[in-house]
Amino acid sequence: MRFLYNSALYTYFNIIERQCFMDSTLLEFAKDQLLLTGIWVALVVMLVDSFISPLLSKTKRVNNHEATLLINKEDAIVLDIRAAKDYKTGHIIDSKQLKPEEVREGNFSKLEKHKDQPIIVVCAMGNLAAGTATKMAKAGFSKVYVLSGGINAWQGASLPLSK
């Protein structure tokens, strides 16, 4: 019995000793390779942020199907923030256009009466719309969504456009 106890104790301390060795080796590597360590830490932070930010955001990304449901069932307003020439080449049916200047200024006066209605913000690829949606949420709009993939994804899914 004593042999088993001593053997287990020896194994436990051996594991701890190896762990401490690994920790010191890791710290030595981090000290020696500051640039690589910094890059690694930055990547980990960005990865964690990419998972946490959407959870904390007041806006939500929706795909084409979810956007269609919002439009048909909840009477969502589609807000196209592309330039006028792009809007004229094709836009989602019944969408309203907000000029880029108005977006930059945060001028959402055209939409004041729709503050409690769902609003789907659309741009060319879905990247610029996120910033606009965040501004709108800060301005008091309660249900703001971003179309994932933007008008390109809508068009790619062969959904109707108006000219």
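Preceding this paragraph is the structure being described.
Residues numbered from 1 in each chain as written. Predicted model: local features only at pLDDT ≥ 70, side-chain atom pairs only at ≥ 80, totals over all residues. Heavy atoms only, no water.

Please set out the overall build of the protein residue by residue, giving values where relevant.
Helix and strand counts for the protein stand at seven helices and seven strands. Sequence-ordered secondary structure for the protein, helices as α and strands as β, is α-α-β-α-β-α-β-β-α-β-α-β-α-β. The long-range fraction of contacts in the protein, counting pairs at least 24 apart against all pairs at least 6 apart in sequence, stands at 66%. Within the structure as shown, the protein displays about 11,400 Å² of accessible surface, and the carbon and sulfur contribution to it stands at 63%. (Helix = DSSP H or I, 4+ residues; strand = E, 2+ residues; numbered from the N terminus. Contact = heavy atoms within 4.5 Å. Areas by Shrake-Rupley, 256 points an atom, 1.4 Å probe, with all protein chains shown as cover.)

Tell me about the packing of aromatic side chains, and please be specific about residues and values.
For the coordinates displayed, the defined rule picks out one aromatic pair. Consider the rings of Phe-108 and Phe-141, whose centres lie 6.0 Å apart with planes at 85 degrees: the pair is edge-to-face. One end of the pair, Phe-108, is in the loop between α5 (100-105) and β5 (119-122); the other, Phe-141, is in the loop between α6 (128-138) and β6 (144-147), and 33 residues separate them in sequence. Taken as a pair, Phe-108 and Phe-141 share a single burial class, namely buried. (Phe/Tyr/Trp six-rings, centres within 6.5 Å; stacked < 30°, edge-to-face > 60°. Buried < 20%, exposed > 50% of the residue type's maximum accessible area, 1.4 Å probe, protein only.)

So what's going on with the sheet that holds β6? Which residues, and what values?
Taken in spatial order, the five strands make up an open sheet running β1-β6-β5-β2-β4, and their pairing is parallel. Strands with a single pairing partner mark the edges of an open sheet, and in this sheet they are β1 (60-62) and β4 (96-97). Lying on the sheet, helix α3 (residues 64-74) is in contact with β1, β2 (77-80), β5 and β6; it crosses β1 at an angle near 100 degrees. (Pairing = 2+ DSSP bridges. Axes fitted to C-alpha atoms, helices over the stretch in contact; angles between N-to-C directions.)

Residue-level account of α6, with values.
Residues of α6 that are buried include every one of Ala-129, Thr-132, Ala-133, Met-136 and Ala-137, and no others. Down the axis of α6, the buried set is contained in an arc of 140 degrees. They therefore lie on one face. Turned more than 90 degrees away from the buried face of α6, the exposed residues are Leu-128 and Lys-138. If you follow the buried residues of α6, they end up packed against β2, α5, β5 and β6. Just past α6, the residue Gly-140 takes up positive phi, approximately 105 degrees. (Arc of directions from axis to C-beta.)

Tell me about the nonpolar core, residues and numbers included.
Leu-79, Ile-81, Ile-119, Val-121, Met-136 and Phe-141 are the most contacted members of the largest nonpolar core, which has 16 residues in total. For this core, the secondary-structure elements that each account for two or more residues are β2, β5, α6 and β6. Ranked by the residues each element gives to this core, the list is headed by α6, at three residues. Not counting residues within four places of it along the chain, the set of residues in contact with Leu-79 comprises Lys-96, Gln-97, Leu-98, Leu-111, Ile-119, Ile-120, Val-121, Val-122 and Met-136. Counting residues in hydrophobic clusters, the runner-up holds twelve residues, among them Val-62, Ala-67, Leu-70 and Val-78. (Core = buried A, V, L, I, M, F, W, Y, C linked by side-chain atoms within 4.5 Å.)

Just give me the short version of a nonpolar patch on the surface, but keep the residues and values in it.
On the surface, Trp-40, Val-41, Val-44, Val-45, Leu-47, Val-48, Phe-51, Ile-52, Leu-55 and Leu-56 cluster together to form a nonpolar patch covering roughly 1,100 Å² of accessible area. Considering the arrangement of structural elements, one finds Phe-51 in helix α2 (residues 34-56). (Patch = residues over 30% accessible without salt bridge, like charges linked within 9 Å, V, L, I, M, F, W, Y side chains within 5 Å. Salt bridge = Lys/Arg side-chain N within 4 Å of Asp/Glu carboxyl O.)

Before we move on, could you go through the pattern of salt bridges and cite the residues and values that matter?
For the structure shown, the criterion picks out four salt bridges. Between Asp-80 and Arg-82 there is a salt bridge, with the nearest N and O atoms lying 2.9 Å from each other. We classify Asp-80 as buried; its relative accessible area is 1%. By relative accessible area, Arg-82 is classed as buried at 10%.

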